[in-house]
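# Residue-level structural notes
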Amino acid sequence: MKHPKEELTYVMIKPDGVRKGLIGEIIRRFEQRDLKIVALEMFQPTHEQIDNHYPKNPEWITRLGEKTKTTYEKYGYDLVADFDTDDTSKIGPEVRKWLVSYMVSSPLVKMVVQGVHSVDVVRKIAGDTMPYKADMGTIRGDFSIDSPALANKEKRAVMNVIHCSETPEEAAHEIKHWFGDVEIYSYKRFGVDE
Ligand code: ATP
Ligand code: MG
């Protein structure tokens, strides 16, 4: 069992976060909550790296399609007019493609964040996936208003400022994928570790 303070999560500042000048603001919010940045880098991802970052299993891909369908139904939009189908297993791959093109459209910032329940706490600081739904005081709620209704009309992914791992297992996988053998640092934060 790891010590509770040692839980790691993976965070990536997405193109809209970088281009809105939010790098410092995002890191500040994690540090303010006594979370520790233990690895950090700006980089230009390749198409292949992003393609391998997002899950490729049919369940995950169909889930993307289902989210789109739910939004269209909720707002009374015509799914077939935009996608030529209402089959979520066909819509999912289309949304995934938009996501990959969006993620390679500018340099990103990747980091490993450490601390008590870091996976859940970082997702709470990030807010709901859909910025129009995200609470004020969260990163997505304070800095974006994007929605799938708008994004899908414009044939693009929802721009929601950051990516963060959903579970400790996903975090371990993503840290290995993005940092490989690069060092994850260990240091003591004043007031947190001593
Ligand atoms: P992330 O994995 O980026 O931290 P998340 O876990 O909250 O976000 P996922 O369900 O894993 O959300 O979706 C991955 C990303 O795909 C979202 O962050 C968003 O950018 C995009 N996305 C999700 N659903 C849709 C949709 N219906 N239409 C367009 N883009 C979407
Ligand atoms: Mg996710």
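This text follows the structure it describes.
Every value quoted in this text rests on a predicted model; they were computed, and no experiment measured them.

## Considerations on the side chain of Arg 29
As for its position among the elements, Arg 29 is in helix α2 (residues 23-32). Among the polar contacts listed, one links the side chain of Arg 29 to the side chain of Glu 25, at a separation of 2.7 Å. Not counting the four nearest positions on each side in its chain, Arg 29 is found in contact with Ile 125, Gly 137, Thr 138, Ile 139, Asp 142 and Phe 143.

## What about the site of ligand 1?
Inspection of the region around ligand 1 gives 21 residues, with Arg 63, Lys 67, Thr 129, Val 158 and Asn 160 positioned closest. The backbone of Val 158 places a nitrogen or oxygen atom 2.8 Å from an oxygen atom of ligand 1. Taking Glu 166, its side chain carries an N or O atom lying 2.8 Å from an oxygen atom of ligand 1. Coverage of ligand 1 by the protein chains reaches 99% of its 580 Å² of free accessible surface. Only α4 (58-75), α6 (88-103), α9 (148-153) and β4 (162-164) provide two or more residues apiece to the shell around ligand 1.

## Looking at the sheet that holds strand β2 (residues 36-43)
Here four strands make up an open sheet; going across it, the order is β2-β3-β1-β4 and the pairing antiparallel. Sheet topology places β2 and β4 at the edges, where each strand pairs with a single neighbour. Here the average twist between neighbouring strands, direction ignored, is 15°. Sheet topology note: the β2/strand β3 (residues 108-114) ladder contains seven bridges and is antiparallel. The partner of Ala 39 across the bridge, within β3, is Val 112.

Calculation criteria
- Residues numbered from 1 in each chain as written.
- Chains lettered and ligands numbered in written order.
- Predicted model: local features only at pLDDT ≥ 70, side-chain atom pairs only at ≥ 80, totals over all residues.
- Heavy atoms only, no water.
- Helix = DSSP H or I, 4+ residues; strand = E, 2+ residues; numbered from the N terminus.
- Polar contact = N/O pair within 3.5 Å; in protein donor to acceptor, adjacent residues only side chain to side chain.
- Contact = heavy atoms within 4.5 Å.
- Near = heavy atom within 4 Å.
- Areas by Shrake-Rupley, 256 points an atom, 1.4 Å probe, with all protein chains shown as cover.
- Pairing = 2+ DSSP bridges.
- Axes fitted to C-alpha atoms, helices over the stretch in contact; angles between N-to-C directions.

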